[in-house]
Amino acid sequence: MIRIPVHAYDAEVRDFRPALMIMQERTCQGIEYCNAVDSDIYCAPGFIDSHAHIYPGATDLGIRADSIGLSTGVHMVIDAGSAGSTNFPCFRDYIVPTYEVEVRGFLNISQIGLVNKQPYFDRRNIDIQKAVECIRQDDKKLLLGIKVLSSGLIVEDAGIEPIRAAVAAAERIGCPVMAHMVEGPPSNEENMAYLRKGDIITHIFHGVPNIIANQKASNGRNMNASYCSLANVMWNEDGTPKKPLEDAIARGVYLDVGHGAASLDQNVARAAIGAGVRQFSISTDAHIRNVDTIVYSLAHTMSKFLAFGMSLADVVASVTEIPSRQLGLRNWCTHMERRATLFRVRPRKLEDLPFLDAYRQVIDVDKIIEPIAVNVGGEIRDIISDWIPDLEKYIG
């Protein structure tokens, strides 16, 4: 037997405790808590990226889930509305089976999903009944709820209709809505009034309309300024929530980061975190226009939140405990002997990738969360080779 000293995450106390990871060859036999360890290795429940776009080829944004999956420490990737009722069967039957990382998703209220960034331009695509039928017929239980993008540059003249329809469909099924909210109209007041306990607001730390990023997303087409006349920033300058968000949180609406190419302003995030905000999931919103330039990976994004002032335990909770609760994934944080992410926290090196927010502003990161291995069904798989130095001294 090999006994590897680690700092193991305990969701009951939201902190790390000294422990020994018991291994036989490449198989984890258990995690035993102890009084103290001398180790730089952390063991956490498998990381969840609760917002990404992983329907390549058939949608405007899609990348392969495995490119941001187990090789980066992530055990589950949530697709945030890439597919609608018309093209979900193809996603389910032909795309998802090619992935090794576990996948779940939210169904777009538009029948065509994100084939392009104008899913609601033809309002006939906003079909409540077809969304309801699609989720009810999802015998593989991939779908967690309904996704709607309710910001001006996407809804255009459809206004409040997409979010109204999304909530109506969700109420008929008994599932949550994940709502993308950035620039308006609609306003935050209009959008958030529809949301219920258990629904999720994503892109919570966006700043003023990110014109450069949105121009890239529109492939050079001219943007109608009337579609982004409202900034819809959700937080006051002191980091407290503005009234519509405060009311939504009080009703039990959940919060998600959804970094993306246009939706993380470090000044907004720092202020909210400085004011004590911690109950949100950290996610990448990884897609084809940001994964190689800003977002890179979930661990890269987590490192930014360390720099914003969160503790390591709170950052890990935001990719394990919090998203598992938001998404209804029972027992996700138990049995780390069967599913876990192993990582180190190390000083930043000159050769590391840059750390930028969505406005291309440099983030002063000095410590990096670096996944080194994953435990998949009890099997330890290396991300970084030779991550156990002096293995012989742990045998016995």
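The sections below set out a description of the structure shown in this document. Owing to the predicted nature of the structure, the values given are computational and were not obtained by experimental measurement. (Residues numbered from 1 in each chain as written. Predicted model: local features only at pLDDT ≥ 70, side-chain atom pairs only at ≥ 80, totals over all residues. Heavy atoms only, no water.)

## Some remarks on helix α9 (residues 298-307)
- Burial runs high along α9: 9 of the 10 residues are buried.
- Within α9, the full set of buried residues consists of Leu298, Ala299, His300, Thr301, Met302, Ser303, Lys304, Phe305 and Leu306.
- Here the buried face of α9 lies against β5 (47-52), β6 (74-80), α8 (266-274), α10 (312-317) and β13 (367-376).
- Between the side-chain oxygen of the N-cap and the backbone nitrogen of His300 there are 3.1 Å, and the N-cap of α9 in question is Ser297.
- Just past α9, the residue Gly309 takes up positive phi, approximately 115 degrees. (Buried < 20%, exposed > 50% of the residue type's maximum accessible area, 1.4 Å probe, protein only. Helix = DSSP H or I, 4+ residues; strand = E, 2+ residues; numbered from the N terminus. Contact = heavy atoms within 4.5 Å. Polar contact = N/O pair within 3.5 Å; in protein donor to acceptor, adjacent residues only side chain to side chain.)

## Brief notes about α8
- Within the span of α8, buried status applies to Gln266, Val268, Ala269, Ala272 and Ile273. Along the axis of α8, the buried positions cluster into a sector of 160 degrees, meaning they face one direction only. Seen from the buried face of α8, the exposed residues on the opposite side, beyond 90 degrees, are Asn267 and Gly274.
- Downstream of α8 by one or two residues, Gly276 has phi in the positive range, about 100 degrees. (Arc of directions from axis to C-beta.)

## As for the packing of helix α2 (residues 128-136) against helix α4 (residues 161-173)
- Closest axis-to-axis distance for the α2/α4 pair is 9 Å, and the angle between their directions is 40 degrees. Comparing their axes, α4 and α2 come out oblique. The crossing of α2 and α4 is right-handed. For the pair α2 and α4, the contacting residues are Ile128, Gln129, Ala131, Val132, Ile135 and Arg136 in the first and Arg164, Ala165, Ala168, Ala169, Arg172 and Ile173 in the second.
- Among the residues forming the contact of α2 with α4, the class breakdown is 8 nonpolar, 1 polar and 3 charged. (Axes fitted to C-alpha atoms, helices over the stretch in contact; angles between N-to-C directions. Parallel < 35°, antiparallel > 145°, perpendicular 65-115°, else oblique. Left-handed = near helix turned anticlockwise from the far one by under 90°. Nonpolar A, V, L, I, M, F, W, Y, C, P; charged D, E, K, R; others polar.)

## Considerations on empty space enclosed by the protein
- Applying the stated criterion across every chain, the model contains 1 cavity of 30 Å³ or more.
- There is about 40 Å³ of room inside the largest cavity.
- If you go around the largest cavity, the residues you meet are Asp79, Gly81, Ser82, Ala83, Phe88, Phe91, Gly105, Phe106, Leu107 and Leu143.
- Among the elements of the structure, α1 (88-95) and β7 (102-108) are those that each provide at least two residues to the lining of the largest cavity.
- Broken down by element, the lining of the largest cavity gets its largest block of residues, 3 residues, from β7.
- Classifying every residue of the lining of the largest cavity gives 6 nonpolar, 3 polar and 1 charged. (1 Å grid on protein atoms, 1.4 Å probe; cavity = no way out; pocket = protein on both sides within 12 Å on 5 of 7 lines; lining within 4 Å. Points joined across faces, edges and corners; volume = space filled by probe spheres on them.)

## Brief notes about the state of the cysteines
- What the rule picks out here adds up to 0 disulfides.
- Of all cysteine sulfurs, the one in Cys134 lies closest to Cys90, which takes part in no disulfide; the gap is 12 Å.
- The partly exposed category is assigned to Cys90, whose relative accessible area is 34%. (Disulfide = S-S within 2.5 Å.)

## A closer look at the side chain of Asp357
- Counting through the fold element by element, Asp357 comes out in the loop between β12 (339-347) and β13.
- It is Arg360 that comes nearest to the buried, bridge-free Asp357 among opposite-charge side chains, at 7.1 Å.
- Among the polar contacts made by the side chain of Asp357, one reaches the main-chain amide nitrogen of Gln266 at a distance of 3.1 Å.
- The contact partners of Asp357, leaving out residues within four places of it in the chain, are His259, Leu264, Asp265, Gln266, Ile294 and Ile363. (Lys, Arg positive; Asp, Glu negative; His and termini not counted. Salt bridge = Lys/Arg side-chain N within 4 Å of Asp/Glu carboxyl O.)

## Some words on the nonpolar core
- Counting residues in hydrophobic clusters, the biggest one holds 95 residues, and the most contacted among them are Ile201, Phe205, Phe280 and Phe305.
- Here this core gets 6 residues from one element, more than from any other, and that element is α4.
- Ignoring any residue separated from it by four or fewer positions in sequence, one finds Phe280 in contact with Ile204, Phe205, Leu255, Val257, Ile273, Phe305, Met310, Ser318, Ile322 and Gln326.
- Core analysis: the next-biggest nonpolar cluster, separate from the first, contains 19 residues, Ile4, Met21, Ile31 and Ile372 among them. (Core = buried A, V, L, I, M, F, W, Y, C linked by side-chain atoms within 4.5 Å.)

## Things to note about the sheet that holds strand β9 (residues 177-180)
- Sheet architecture is open: 7 strands sit in the order β5-β6-β7-β8-β9-β10-β11, paired in parallel fashion. Looking at strand neighbours, the two that pair on one side only are β5 and β11 (254-256), the edges of this open sheet. Strand-to-strand twist across the sheet, computed as the mean angle between neighbouring axes with direction ignored, equals 25 degrees.
- Here strand β8 (residues 143-149) pairs with β9 via 4 bridges, running parallel. (Pairing = 2+ DSSP bridges.)

## A word on the pattern of salt bridges
- Tallying each qualifying case throughout the model produces 17 salt bridges.
- Residue Asp60 is joined to Arg289 by a salt bridge in which the shortest nitrogen-to-oxygen separation is 3.1 Å. On the criterion of sequence distance, the pair formed by Asp60 in the loop between β5 and β6 and Arg289 in the loop between α8 and α9 is long-range, its members being 229 residues apart.
- Measuring nitrogen to oxygen at the nearest pair gives 3.3 Å for the salt bridge that ties Arg278 to Asp314. One end of the pair, Arg278, is in the loop between α8 and α9; the other, Asp314, is in helix α10, with 36 residues separating them in the sequence.
- Here the salt bridges do not stand alone but share partners, grouping Arg92, Asp93 and Lys140 into one network.

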